[in-house]
Amino acid sequence: MATGTLSIDQSAIAANWRALDAQTHVETAAVVKADGYGLGAGLVSETLAKAGARQFFVAVAEEGVAVRKALGPGPVINVFSGHMAGDAAALRDHDLTPMLNAPEQLTRHREALPGHAFGLQLDSGMNRLGFEPEDFSADMATEATLVMSHLACADEPDHAANASQLKAFRAMTDGLSCPKSLAATGGTLLGKDFHFDLTRPGVGLYGGLPFSQAKPVVTLDLPVIQTRLLQPGETAGYACAFTATKPTKIATVSAGYADGLIRAMSGTATLYAGDIAVPLAGRVSMDLLTVDVTALDHVPETLQILGPHQTVDQLAEAAGTIGYEILTSLGGRYTRVLA
Ligand SMILES: *Cc1c(COP(=O)(O)O)cnc(C)c1O
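Report on the accompanying structure. Since the structure is predicted, the reported quantities are computational estimates derived from the model, not experimental observations. Per-chain numbering applies: the sequence of each chain, read as written, is numbered from 1 onward. It should be noted that, the model being predicted, local features are given only for residues of pLDDT at least 70 and side-chain atom pairs only at 80 or more, the latter also being counted only at that level, while totals for whole chains, interfaces and linings use all residues. Hydrogens and water are ignored here; the side-chain numbers use all heavy atoms of the structure.

Things to note about the pattern of salt bridges
Salt bridges are defined as contacts in which a side-chain nitrogen from Lys or Arg sits within 4 Å of a carboxyl oxygen from Asp or Glu. Under the counting rule described, the total for this entry stands at six salt bridges. Here Arg92 makes a salt bridge to Asp93, at a shortest N to O gap of 3.0 Å. Close ionic contact of Arg333 with Asp287 constitutes a salt bridge, the shortest N to O distance being 2.9 Å. Of this pair, Arg333 sits in the loop between helix H10 (323–329) and strand E19 (335–338) while Asp287 sits in the loop between strand E16 (276–279) and strand E17 (288–292); the two residues are 46 residues apart in sequence, bridging distant segments of the chain. Each of Asp259, Asp287 and Arg333 takes part in one network of salt bridges that share partners. Put simply, DSSP H or I for four residues or longer makes a helix, DSSP E for two residues or longer makes a strand, and each gets a number counted from the N terminus.

Below is the structure:
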């Protein structure tokens, strides 16, 4: 079997949710968009529901349908993109709550699904999704299950945008009686002014920054298909990007950019054989990596790219990206196992 093994520690996901919940005195939801940050929306939703989460957030209605199928009736499933044309049947049949983003969505929702639950997403300064202050009025919120907004810079605690977005959100929502939410993982860590009635962590549940105390959730082990010895001057992989300067043992492992190990990792990322670091040699191919394993006396059956020696954020750093992108890119070819 040549597929890599992505092992998902459910107890770590549950522990991360409880740890974020313990940071506040308010309800803690769980964001499971992008197929549960690449780990499997059904699996992580069930794990989080068992841990105690009663509210879930997804990006689009189609994701909400999958989460509802996994969870069954009961938990609240909120949709960040709101009510898009064509969403009515999915929202109704699967009891999804759209976070409406604009007056046109509010009109569409009231016409298509009168009496169906909705929340309102407000723009407090990120300029991405939500009602602009001039389009929003308090009477719109009388039936809303939630009013929410999102912070642009919550992973930088000292960034001035945090205070200005907080002020803008309060200016739009002070005095409203419905529940309010502003914080994702980063906002949860900014302190209680940002907590309101509900927090919405995502990445921290899956072991990523900015929740630096998160327990790691994933390990990823890649099978070695073949090893060979290169003489000085021989090259490995596309574009001959790696050249041996001494006798070099190269292991070819099964996973590549089609599995989310992006080409930007070429020549910079590291894998591990137990405790020993072994560097990538040359370019990442679609399905293969070539790894310099000269340091090893014995080449194991698998090399590890995510695990105790390398978190998603450390691998992201090597590739010039963020842990979120590494997680959500983890491909469908891996065998996902529960740890
Ligand atoms: C993705 C997202 C979240 C979760 O963010 P994390 O940084 O992963 O915790 C919360 N709210 C909104 C609106 C989002 O788009």
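Now that the structure is up, let's keep going.
Thoughts on helix H3 (residues 41–51)
Note on classification: 1.4 Å probe, protein chains only; a residue is buried when its accessible area is under 20% of the maximum for its type, exposed when over 50%, partly exposed between these limits. Every buried residue belonging to H3 is among Ala41, Val44, Ser45, Thr47, Leu48, Ala49 and Ala51, and all of these are buried. Where H3 is buried, its residues meet helix H1 (10–21), strand E3 (30–31), helix H2 (33–37), strand E4 (55–58) and helix H4 (61–71). Backbone geometry just downstream of H3 places Gly52 in the positive-phi region, at approximately 130°. Here a residue-residue contact requires only that any non-hydrogen atoms of the pair lie within 4.5 Å.

A few points about the site of the ligand
Being near a molecule or strand, for a residue, means having at least one of its heavy atoms within 4 Å of it. The local shell around the ligand holds 15 residues, among which Lys33, Tyr37, Thr185, Gly202 and Tyr324 are the closest. Throughout this description, a polar contact denotes any pair of N or O atoms lying within 3.5 Å of each other; where both atoms belong to protein, one of them has to be capable of donating a hydrogen while the other can accept it, and for residues adjacent in sequence the pair is counted only when both atoms sit in side chains. Here a nitrogen atom of the ligand sits 3.4 Å away from a polar atom, N or O, in the side chain of His150. At a separation of 2.5 Å, an oxygen atom of the ligand approaches a polar side-chain atom of Thr185. Along the lines of polarity and charge, the residues of the shell around the ligand split into eight nonpolar, four polar and three charged. Basically, the charged four are Asp, Glu, Lys and Arg, the nonpolar ten are Ala, Val, Leu, Ile, Met, Phe, Trp, Tyr, Cys and Pro, and anything else, Gly included, counts as polar.

Concerning the pairing of strand E11 (residues 218–230)
Consecutive side chains along a regular strand alternate between the two faces of the sheet. Between any two strands, pairing holds if DSSP finds at least two bridges. The pairing of strand E1 (residues 5–8) with E11 spans four bridges and is antiparallel. By the bridge assignment for E11, Leu6 is matched with Leu220. Bridge analysis of E11 against strand E18 (residues 302–306) gives four bridges, and the strand direction is antiparallel. Across the sheet, residue Pro223 finds its bridge partner in E18, namely Thr302. As paired strands, E11 and strand E14 (residues 248–254) are joined by six bridges and run antiparallel to one another. Across the sheet, Leu230 pairs through a bridge with Thr248, a residue of E14.

As for the packing of aromatic side chains
Stacked, edge-to-face and tilted are the three classes for Phe, Tyr and Trp ring pairs, Trp counted by its six-membered ring, which pair at centre distances within 6.5 Å; planes under 30 degrees apart are stacked, over 60 edge-to-face, the rest tilted. Counting across every chain of the model gives five aromatic pairs. Their ring planes at 40° and their centres at 6.4 Å tell us that Tyr37 and Tyr324 sit as a pair that is tilted. Here Tyr37 is found in helix H2, whereas its partner Tyr324 is found in helix H10, with 287 residues between them in sequence. Using a relative accessible area of 6% as the deciding quantity, one classes Tyr37 as buried. Accessibility expressed as a relative area gives 34% for Tyr324, which makes it partly exposed. Each residue in the set Tyr37, Tyr206 and Tyr324 is aromatic and connected to the rest through ring pairs, giving one cluster.

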